[in-house]
Amino acid sequence: MPLETKNVRTTQNYLNLNLAGENIKWNLTVAELYEKAIINKEAQLTADMALNVHTGKYTGRSPLDKFTVKETESSRVDWGKVNKPTTPEIFDNLYKKVTDYLSDKEVFVMDLYCGADPDYRLPIRVVSEAAYHALFARNMFIRPSDKELNEHEPGFTVLAAPKFEADPAIDGTESETFILVSFSKKIILIGGTLYSGEVKKGIFGVMNYLLPQKGVMPMHCSANEDTDGRSAVFFGLSGTGKTTLSADASKILIGDDEHGWSDHGIFNFEGGCYAKTVNLSKEDEPMIYATTKMPGTILENVVLDKKRQPVFEDKTHTENTRCSYPLDMIPNASKTGMANHPSSVIFLTADAFGVLPPISRLTPAQAMYHFMSGYTAKVAGTERGVTEPVATFSACFGEVFMPMHPNIYAEMLANKINKHGSTAWLINTGWTGGPYGIGSRIKLRYTRRMLDAAINGELDDVKFRTGTVFGLDMPLAIDGVPSEILVPRNAWPEVSAFEEKAKLLAQMFKDNFKKFESTASDEILKAGPF
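So, a few notes on the structure that sits alongside this text. What you are looking at is a predicted structure, and each value in this text was computed from that prediction instead of being measured.

What counts as what
- Residues numbered from 1 in each chain as written.
- Predicted model: local features only at pLDDT ≥ 70, side-chain atom pairs only at ≥ 80, totals over all residues.
- Heavy atoms only, no water.
- Buried < 20%, exposed > 50% of the residue type's maximum accessible area, 1.4 Å probe, protein only.
- Helix = DSSP H or I, 4+ residues; strand = E, 2+ residues; numbered from the N terminus.
- Arc of directions from axis to C-beta.
- Contact = heavy atoms within 4.5 Å.
- Core = buried A, V, L, I, M, F, W, Y, C linked by side-chain atoms within 4.5 Å.
- Phe/Tyr/Trp six-rings, centres within 6.5 Å; stacked < 30°, edge-to-face > 60°.
- Lys NZ or Arg CZ within 6 Å of the ring centre and 35° of its normal.
- Lys, Arg positive; Asp, Glu negative; His and termini not counted.
- Salt bridge = Lys/Arg side-chain N within 4 Å of Asp/Glu carboxyl O.
- Polar contact = N/O pair within 3.5 Å; in protein donor to acceptor, adjacent residues only side chain to side chain.
- Axes fitted to C-alpha atoms, helices over the stretch in contact; angles between N-to-C directions.
- Parallel < 35°, antiparallel > 145°, perpendicular 65-115°, else oblique.
- Left-handed = near helix turned anticlockwise from the far one by under 90°.
- Nonpolar A, V, L, I, M, F, W, Y, C, P; charged D, E, K, R; others polar.
- Pairing = 2+ DSSP bridges.

1. Examining helix H2 (residues 30-39)
Consideration 1: Within the sequence span of H2, burial applies to Leu33, Tyr34 and Ala37. Looking down the long axis of H2, one finds its buried residues gathered within 105 degrees of arc, a one-sided arrangement.
Consideration 2: In this fold, the buried residues of H2 make contact with strand S2 (43-45), strand S3 (51-53), strand S6 (107-114) and helix H4 (131-140).
Consideration 3: At the exit of H2 stands Lys41, carrying a positive phi of roughly 60 degrees.

2. As for the nonpolar core
Consideration 1: Residues Phe141, Ile188, Phe235, Phe347, Phe371 and Phe470 are the most contacted members of the largest nonpolar core, which totals 102 residues.
Consideration 2: The dominant element in this core, judged by the number of residues it contributes, is H4, at seven residues.
Consideration 3: If sequence neighbours within four positions are ignored, Phe141 has contacts with Leu112, Tyr113, Cys114, Ile124, Val199, Lys200, Ile203 and Gly271.
Consideration 4: Listed in part, the 21 residues of the second largest apolar core include Leu94, Leu159, Leu180 and Leu189.

3. Some remarks on the packing of aromatic side chains
Consideration 1: All chains considered together, the criterion is met by 27 aromatic pairs.
Consideration 2: Relative to Phe183, the ring of Phe156 has its centre 5.8 Å away and its plane inclined at 70 degrees; by these criteria the two rings are edge-to-face. Placement of the pair is Phe156 in strand S8 (residues 156-161) and Phe183 in the loop between strand S9 (178-182) and strand S10 (187-191), with a sequence separation of 27 residues. For the pair Phe156 and Phe183, one class covers both residues: buried.
Consideration 3: Members of the aromatic cluster, each reached through a chain of ring pairs, are Tyr369, Tyr375, Phe393, Phe470, Phe509, Phe513 and Phe516.
Consideration 4: The lysine or arginine in question, Arg445, covers the ring of Tyr446, its NZ or CZ lying 5.0 Å from the ring centre.

4. What to know about the side chain of Arg322
Consideration 1: You can see Arg322 is positioned in strand S18 (residues 322-326).
Consideration 2: It is Glu300 that comes nearest to the buried, bridge-free Arg322 among opposite-charge side chains, at 6.0 Å.
Consideration 3: Here the side chain of Arg322 touches Asn320 through a polar contact of 2.9 Å, side chain to side chain.
Consideration 4: Not counting chain neighbours up to four residues away, the residues in contact with Arg322 comprise Tyr195, Ser238, Tyr274, Ala275, Lys276, Thr277, Ile298, Leu299, Glu300 and Val302.

5. Some words on the packing of helix H10 (residues 364-373) against helix H11 (residues 406-420)
Consideration 1: Interaxial distance between H10 and H11 falls to 10 Å at its minimum, and their mutual angle equals 150 degrees. The orientation of H10 with respect to H11, classified from their angle, is roughly antiparallel. Crossing handedness for the pair H10 and H11: right-handed. Here H10 contributes Pro364, Met368, Phe371 and Met372 to the contact with H11, which in turn contributes Asn407, Tyr409, Ala410, Glu411, Leu413, Ala414 and Asn418.
Consideration 2: A class-by-class count of the residues in the contact of H10 with H11 yields eight nonpolar, two polar and one charged.

6. Details of the sheet that holds S18
Consideration 1: On the basis of which strands lie adjacent, the open sheet formed by five strands has the order S2-S3-S17-S18-S16 and mixed pairing. In this open sheet, the two strands that pair with only one neighbour each are S2 and strand S16 (272-276). In this sheet, neighbouring strand axes are inclined to one another by 25 degrees on average, regardless of whether the strands run parallel or antiparallel.
Consideration 2: Pairing of strand S17 (residues 298-300) with S18, which is carried by three bridges, proceeds in the antiparallel orientation. From the neighbouring strand, Glu300 faces S18, where its bridge partner is Arg322.
Consideration 3: Of the strands in this sheet, S2 and S3 are in contact with H2, which crosses S2 at around 115 degrees.

Take it as geometry only, folks, not as evidence of what the structure does.
Printed below as a string of structure tokens:
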């Protein structure tokens, strides 16, 4: 659907592209994008008419290749290993190369919004040589009405040229791949990678920079709401259950990954979900599984069998297999993408050391400590001799997406929790009875039962015990959950082995938190492990 002449002309000047030409495809439908993706050999159909895409060399984000232009508009950025600076000259040089490269190619343009709350949404434009990127953006962001579309002016633009590669020696990049963000030009420039997560997370990073300046807390979290209007937000790194636990048939799904918390309540940034599909099953995750059988869904790097059925257990291409689908494919998804202030703030961790309780209630100081720590553990790989899990700490449960200092986001969260009376919980979706390789993964049905009990108030009158190493308050009984797993040391066959592993993990927490010692209050410092 072409836009009004005024809008086309504005965009033409903005991107220095011939966006009025026949090669520019504006806001195509799902069917049209399907056709283009297949004709251009970007994808193939599955047996159920979903679209399966292989992203080639890159099956995940390239954080080492991301840079932000150092300029007046980026003065609040916390520069360092995560937020690496680049110069306006490097950006302008690559910008010209990319626009020259795209000028005679077929380009797909999608006009969308990021943010369900009209007071805080960001109008965005995604421009790419890949039809698959346009369909992904259409799935993942919020689609304007026809009237809004005709009036749409982008507040930020993603310009993607996945087949264009930089020359590091000339262009000032780390590799042939680059993700450059300019807040003055309001452009994210992407080259050398087809992985669509760069599009989504690039805009997320922009929102994380802009919203705090408006008093809105941006959150790397999923969210849902029960029938009584009690909402919950779920913070967590990849693999901790953020998407799985929010997709609960008994709840209204607000969103699975990125939200804002304003004075109005919470709101989804997105109009879709980007779920991991490794080992996806109909039994454990029926709603997500069902979307993989629907036309309009994109599967990424999933292996298909001879009948073109997905084999979700096959990790040939990557463990980071994904599916992208619009939220309206979920029967119980919110129609507005908005909800009340959360009564429960939940931090998810997959503790492969088997030390942290399956559920524990946090004090306000502990909530800030664990939010700033952002802990989970990655299971040891398949290399011979590697048997220990690896601790991973990512401040705010998403440090790589946070342009400003973690303290800013932590203080905002603490203020929101205190103002609205939310209760914070730490949920371990990892191991119990021993570390990975010895203990067992906590069953999903137990985690869901514990969450329900926490959110609906069942635990208000239950007895709690305080742990000796991490000082966490653990409930001693929850209906439907074996009592022996609620206190971790009781689940281990040898108490001495548990204490040794707990002290090891506690020291990892302490070592990681040293970087916050100069800025964190005494109360927060004392909220960590003993």
